Amino acid sequence: MDRRWIHGALFTPQYIFGVRSFMNFVRERFTEDEQILCPCSRCMNHQSLHQNEVERHLLLNGMSSTYSKWINHREASDVHVLGEPAVLEDANVDSFVSEDTNDCGLEVMLGELDRSEQHGNEAGQDEGNPSSDAASHFKQLIEEAKRELYPGCNNFSRFTFVIKMLHVKSYYRITNSGFSAILKILSEAFPEFNTIPKSYEEAKKMLRELGLGYVSIHVCPNNCVLFRGNEYAELDNCPVCKASRWKDPERKKVPAKVLRHFPLIPRLQRLFVSKKRSEEAQWHKLKRKHNEKEMTHPADGKAWGDFDNRWPDFAQDARNLRLGLATDGFNPFSNMSSSYSMWPVFVIPYNLPPWACMDESNFIMALLIPGPHSPGKAFDVFLQPLVEELHELWSGVDTFDAMTGKEFKLRAAVLWCIHDYPALSTLSGRTTSGYFACLHCDKNPLSYAIRSKICYIGHCRFLPRGHRLRKDSDFVSLHDSSAKPGTFTIEELLEELEKVRRVRVGQKRKRSGNRVPIWGRRICLWDLPYWPTLKLRHNLDVMHIEKNVCESLLGTILDIKGKSKDTVNARLDLADLKIRKELQLQHSGDSYGMPKARYTLSKSKKTEFCNFLKEAKFPDGYASNIQRCLNADSIKWQGLKTHDCHILLQRIIPAGLRGLLDDDIYQTIAEFGKFFKELCSKKLNKDVLARMKTEIPIILCKLEKISPLLFLMSWFTLLSTCLMRPSSVDLCSSGGCTQLNDACIL
């Protein structure tokens, strides 16, 4: 019997047919109502389930790879089966090692490199011409590519073999020592005189010599300065804090902290080495079909158009690159108990088509900022090497274009940054806490101090004068002004930044009278000539916001302990504000009670909602198995991922709460989810955005009226306030398609 389907990919016709053959085998030996051991990869024949449930487990989880003889299901032990993995059907392996190994794009790229190298030799005859250095790199690359892997090998050159092996190492997360051991075995097993590198270091050295490496820059342990340039390169101690540059100055000089800088200019130049890539880099102007009503690419947004109008000389050449800057912290050790945090900085070229912008291979890592802690206010120090390259790119660098066969001046500009809300202060220098935490409220903010925190309430100020919800708001009298909060003009903004020009790491700006400082420091991005003129400098990652808002909303509706915003302190805040008397704490004898709110579910309705979530089915790859994160007995959530909250908020919660809450509450939550759904669309309709701009203050006012407790919790209201203001819809229209849904997979 051929049972190699056990090792195949899920949901393929071969695998589904194999599961059906197993279930037919079972039904011949067991009655319909009899439970059987489940052989899926999770149950491993340790749990007895109904036959239909077993079939569902096998389709979703896959069968245990070692269970090729079905002895636990009354099969004779002497039956001969073919159970070895069907390697040729493994799509993951096929993606790396194809039958035609030359069909990987490397040969085409090397042909283009050969032509550009010949052109570089012609253009670089004069001494000191920068083109001659690039040509020498190309020449070295071509010579390396022509080296045989071993005598008589036609499928691989040494270069293509090393590239493919390093790709496999990265994709399957093979350790450095394990990869070195594999290379050593291969070098001994292959024919004599092979050129396989003997270790990972040797393979990496080969790439480094070809310009594919990085530059190590020593950093002060306290993030004061970078030890680089003529001024600091030779110092052993920090000129600011006097800390030693080395871990142990008395012994071997090992740097205490290292910033890894991946030069940006050579990699942007490589976009034009291939004719195909050069054509893609001009797609936004040559092939994009412009639609006045729809936005499918950042080039359709106002920010792109405004930049082109301000810098027509830059916009004239379609090859000039528009870039996005994305960053976030992550734990490289995949251990949530460890607080180690590293910060990669990615550059995304937006000239490419939408499907290419989102390809991971086009995400260019420019910096890898070391841990163990977040760089915080010192982020500006780490950006210096990148900003120097951006200055050079704005002036233009000589680049060979394979499409025209000529050199041109390549220019590039960063149009915006993408990050989550906490990183806004890190990357912009603007405060993200206190009275001016909302980036749309520079004047007359909605912030209001209550007990031990600051909340952001009174969204009726965004409504037209005379609107019925203005009069019906509980917070209409809390602020001195009923006008919409204002933002700084560019002149006022530059004046504020000039006051903090000389503020450095570790320094704090003093208050001037009663004025609260909004900007804590001036980051080096403001030194770029075009940065003050940008319409949209910073984007908040919408999926981070969705996660926090979703967890707060679910925690409050299901009244989850530790997650709900309906707390004793929140009820006391209502009493302090003298609003919503029916929700204030009720005195009864020697104790106080919390009246039940309309927006929390009863126990039976909580169970009904949880059962709905447990029975929800999703297409493969659409969402994870949400029921694994749900404990229906104790009504608790655990391990929800960002994408899970994205699906829950937009699709599942509005469907699951239908009929469980009062109509006005359900309708507002459904409108809330619909807003996020439309905001994250692949195509943004400008008429829909105009409608969203008028609807969103009404939704916020409804939420304030239904559940003021949510808006008395600073984190929830700050996130919803910053994202859901009408001005945020304007920014979405400026960026175009939410910068391809934030373009960030960090």
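Draft legend 1. Up close: the overall build of the protein chain. Tallying secondary structure elements over the protein chain gives 30 helices and 20 strands in all. Across the protein chain, contacts joining residues at least 24 apart in sequence account for 64% of those joining residues at least 6 apart. Only carbon and sulfur atoms are counted for the fraction: they give 50% of the accessible area of the protein chain, which is about 37800 Å².

Draft legend 2. Region of interest: the side chain of Arg-430. With respect to the helices, strands and loops of the structure, Arg-430 is situated in the loop between helix 18 (422-428) and strand 13 (447-450). One polar contact links the side chain of Arg-430 to the main-chain carbonyl oxygen of Phe-436, over a distance of 2.7 Å. Of the polar contacts made by the side chain of Arg-430, one reaches the backbone oxygen of Cys-438; its length is 3.3 Å. Apart from the residues lying within four places of it in its own chain, the contact partners of Arg-430 are Ser-425, Phe-436, Ala-437, Cys-438, Leu-439, Cys-441, Asp-442, Ile-518 and Trp-519.

Draft legend 3. View of the environment of Gly-405. Structurally, Gly-405 is set in the loop between strand 10 (397-401) and strand 11 (406-410). Classification of Gly-405 by relative accessible area gives partly exposed; the value is 34%. When the C-alpha positions of Gly-405 and Lys-275 are compared, they lie 9.4 Å apart, and in sequence the two are 130 residues distant.

Draft legend 4. Just helix 6 (residues 158-171), in detail. When the terminal C-alpha atoms of helix 6 are compared, their 20 Å separation across 14 residues agrees well with the 20 Å that a helix rising 1.5 Å per residue should span. Looking only at helix 6, the buried set comprises Arg-158, Phe-159, Thr-160, Phe-161, Val-162, Lys-164, Met-165, Leu-166 and Lys-169.

Draft legend 5. Quick peek at the packing of aromatic side chains. The full count for this structure, using the stated rule, is 23 aromatic pairs. Between Phe-25 and Trp-70 the ring centres are 5.1 Å apart and the planes differ by 65 degrees, which places this aromatic pair in the edge-to-face class. Placement of Phe-25 in helix 1 (residues 13-27) and of Trp-70 in the loop between helix 2 (51-61) and helix 3 (91-94) is noted, with a sequence separation of 45 residues between them. With a centroid separation of 5.3 Å and an interplanar angle of 55 degrees, the aromatic rings of Tyr-214 and Phe-262 are classed as tilted. Pair noted here: Tyr-214 is in the loop between helix 8 (200-209) and strand 3 (215-219) and Phe-262 is in the loop between strand 5 (258-261) and helix 10 (264-269), with a separation of 48 residues, a long-range link. Since its relative accessible area comes to 30%, Tyr-214 is described here as partly exposed. Joined through ring pairs, the aromatic side chains of Phe-307, Trp-311, Phe-314, Trp-394 and Tyr-530 make up one cluster.

Draft legend 6. Geometry of the side chain of Glu-678. Looking at the element boundaries, Glu-678 is found in helix 25 (residues 663-679). Owing to a relative accessible area of 17%, Glu-678 belongs among the buried residues under this scheme. Once residues within four sequence positions are removed from consideration, Glu-678 is found in contact with Leu-684, Val-688, Arg-691 and Met-692.

Draft legend 7. Main features of the sheet that holds strand 4 (residues 226-227). Reading across from one edge, 4-3-5-9-8-7-12-15 is the order of the 8 strands in this open sheet, with mixed pairing throughout. Looking at the sheet topology across the chains shown, the edges are occupied by strand 4 and strand 15 (538-540). When strand 8 (residues 343-349) meets strand 9 (residues 364-369), the two strands line up antiparallel, connected through 5 bridges. Bridge pairing in strand 9 places Trp-343 opposite Ile-369. Seen against the sheet, helix 13 (residues 302-310) touches strand 7 (321-327) and strand 12 (412-419) and runs at an angle of roughly 155 degrees to strand 12.

Draft legend 8. Representation of the packing of helix 6 against helix 7 (residues 176-189) in the model. At a minimum axis distance of 11 Å, the contact between helix 6 and helix 7 shows a crossing angle of 145 degrees. For helix 6 against helix 7, the interelement crossing comes out right-handed. Contact with helix 6, carried on its side by Phe-161, Met-165, Leu-166 and Lys-169, involves Asn-176, Phe-179, Ile-182, Leu-183 and Leu-186 of helix 7 and no other residues of that element. Its residues assigned to classes, the contact of helix 6 with helix 7 shows 7 nonpolar, 1 polar and 1 charged.

Draft legend 9. Representation of unusual backbone geometry within the structure. Note that the residue after Gly-371, namely Pro-372, is joined by a cis bond; omega there is 5 degrees. The backbone phi angle of Lys-242 is positive, close to 65 degrees, even though this residue is not glycine. Checked against the element boundaries, Lys-242 lands in the loop between helix 9 (229-232) and strand 5. The exposed category is assigned to Lys-242, whose relative accessible area is 59%. With a phi close to 60 degrees, Lys-578 is a non-glycine residue in the positive phi region. The residue Lys-578 is located in the loop between helix 22 (568-577) and strand 16 (586-588) in this model.

Draft legend 10. Structural detail: the pairing of strand 12. Taken across its 8 residues, strand 12 has 8 buried, putting it largely inside the fold. In this sheet, strand 12 lies alongside strand 7 in parallel orientation, the contact comprising 6 bridges. If you follow Leu-323 over to strand 12, its bridge partner there is Val-414. Examined bridge by bridge, strand 12 and strand 15 share 3 bridges and lie parallel to one another.

Draft legend 11. Structural context of the environment of Thr-175. With respect to the helices, strands and loops of the structure, Thr-175 is situated in the loop between helix 6 and helix 7. Judged by relative accessible area, Thr-175 falls into the partly exposed class, the value being 48%. A polar contact is formed between the side chain of Thr-175 and the backbone nitrogen of Gly-178, at a distance of 3.1 Å.

Draft legend 12. Spotlight on the environment of Pro-255. Mapped onto the elements of the fold, Pro-255 is located in the loop between helix 9 and strand 5. On the basis of relative accessible area, Pro-255 is assigned to the buried category, the value being 18%. Expressed as a C-alpha distance, the spacing of Pro-255 and His-218, which sit 37 residues apart in the sequence, is 6.3 Å.

Draft legend 13. Up close: a nonpolar patch on the surface. There is a patch of nonpolar side chains on the surface, built from Leu-10, Phe-11 and Leu-60 and spanning about 230 Å² of accessible area. Structurally, Phe-11 is set in the segment before helix 1. With relative accessibility at 35%, the residue Phe-11 sits in the partly exposed group.

Draft legend 14. Structural view of the packing of helix 24 (residues 642-656) against helix 25. For the pair helix 24 and helix 25, the least separation of the axes is 8 Å and the interaxial angle reads 155 degrees. It follows that helix 24 is roughly antiparallel to helix 25 by the angle criterion. You can see that helix 24 and helix 25 cross each other, and the crossing is left-handed. Of the residues in helix 25, those in contact with Leu-649, Gln-650, Arg-651, Ile-653 and Pro-654 of helix 24 are Tyr-666, Ile-669, Ala-670, Phe-672, Gly-673, Phe-676 and Lys-677. Residues belonging to the contact of helix 24 with helix 25 are distributed by class as follows: 8 nonpolar, 2 polar and 2 charged.

Draft legend 15. Structural detail: the pairing of strand 13. Here strand 13 runs beside strand 14 (residues 453-456); their pairing, made up of 4 bridges, is antiparallel. Note on strand 14: the bridge partner recorded for Ser-447 is Tyr-456. If you look at the hairpin formed by strand 13 and strand 14, you'll find 2 residues sitting between the two strands, and Arg-451 has a positive phi there, around 50 degrees.

Draft legend 16. Seen up close, the confidence of the model for the protein chain. The pLDDT averaged across the protein chain works out to 80; a share of 83% of its residues lies at or above 70. Put simply, helix 3 is where the protein chain has its lowest mean pLDDT, 45, and helix 17 (residues 384-395) is where it has its highest, 95. For the stretch residues 86-104, pLDDT sits under 50, and the model shows 18 contacts to residues farther than four places along the chain or on other chains. Throughout residues 736-746 the model reports pLDDT below 50, and contacts reaching past four residues in sequence, or to other chains, amount to 47 contacts.

Draft legend 17. Structural view of the pattern of salt bridges. In total, this model carries 32 salt bridges according to the counting rule given. For Asp-308, the salt bridge identified is with Arg-322, shortest N-O distance 2.6 Å. Of this pair, Asp-308 sits in helix 13 while Arg-322 sits in strand 7, placing them 14 residues apart in sequence. Side by side, Asp-308 and Arg-322 carry an identical accessibility label, which is buried. Between Glu-582 and Arg-580 there is a salt bridge, with the nearest N and O atoms lying 2.8 Å from each other. Residue class for Glu-582 comes out partly exposed when judged on its relative accessible area of 49%. In the salt-bridge network here, residues are joined through shared partners; they are Asp-317, Arg-319 and Asp-401.

Parameters and conventions
Each chain carries its own residue numbering, running from 1 in the direction its sequence is written. Per-residue local features of the predicted model are confined to residues with pLDDT of at least 70, and side-chain atom pairs are confined, for both listing and counting, to 80 or more; whole-chain, interface and lining totals are unaffected and use all residues. To obtain the side-chain values, all non-hydrogen atoms of the structure were used and water was disregarded. A helix here means a DSSP run of H or I that spans at least four residues, while a strand means a run of E at least two residues long, and both kinds are numbered starting from the N terminus. Contacts are residue-level and defined by heavy atoms, with any inter-residue pair within 4.5 Å sufficient. Surface accessibility in these figures is a Shrake-Rupley result with a 1.4 Å probe; residues are shielded only by whichever protein chains are displayed. Distance and chemistry together define a polar contact, namely a pair of N or O atoms within 3.5 Å, with one atom able to donate a hydrogen and the other to accept it when in protein, and with adjacent residues in sequence counting only for side-chain atoms on both sides. The classification of residues rests on relative accessible area computed with a 1.4 Å probe and restricted to protein chains. Under 20% of the type maximum is buried, over 50% is exposed, and intermediate values are partly exposed. Every helix has an expected span of 1.5 Å times one less than the residues it contains. Geometry of aromatic contacts follows a simple scheme: Phe, Tyr and Trp rings, the Trp one being its six-membered ring, pair when their centres are within 6.5 Å, and the pair is stacked under 30 degrees between planes, edge-to-face over 60, tilted otherwise. At least two DSSP bridges between two strands are required for those strands to pair. As a rule, the C-alpha atoms of each element are fitted with a line to give its axis, helices using only the stretch in contact, and angles between N-to-C directions run from 0 to 180 degrees. Crossing handedness: left-handed means the near helix sits turned counterclockwise from the far one by under a right angle, and right-handed means the same turn made clockwise. Lys, Arg, Asp and Glu make up the charged group, whereas Ala, Val, Leu, Ile, Met, Phe, Trp, Tyr, Cys and Pro make up the nonpolar group; the residues left over, Gly among them, are polar. The patch calculation keeps residues exceeding 30% relative accessible area without a salt bridge and links them within 9 Å when they carry like charges or within 5 Å when they are nonpolar (Val, Leu, Ile, Met, Phe, Trp, Tyr). Each reported salt bridge corresponds to a side-chain nitrogen of Lys or Arg within 4 Å of a carboxyl oxygen of Asp or Glu. Any angle that is under 35 degrees is reported as roughly parallel, and any over 145 degrees as roughly antiparallel; angles of 65 to 115 degrees are reported as roughly perpendicular and all others as oblique. The pLDDT value tells you how sure the predictor is about a given residue, anywhere from 0 up to 100.

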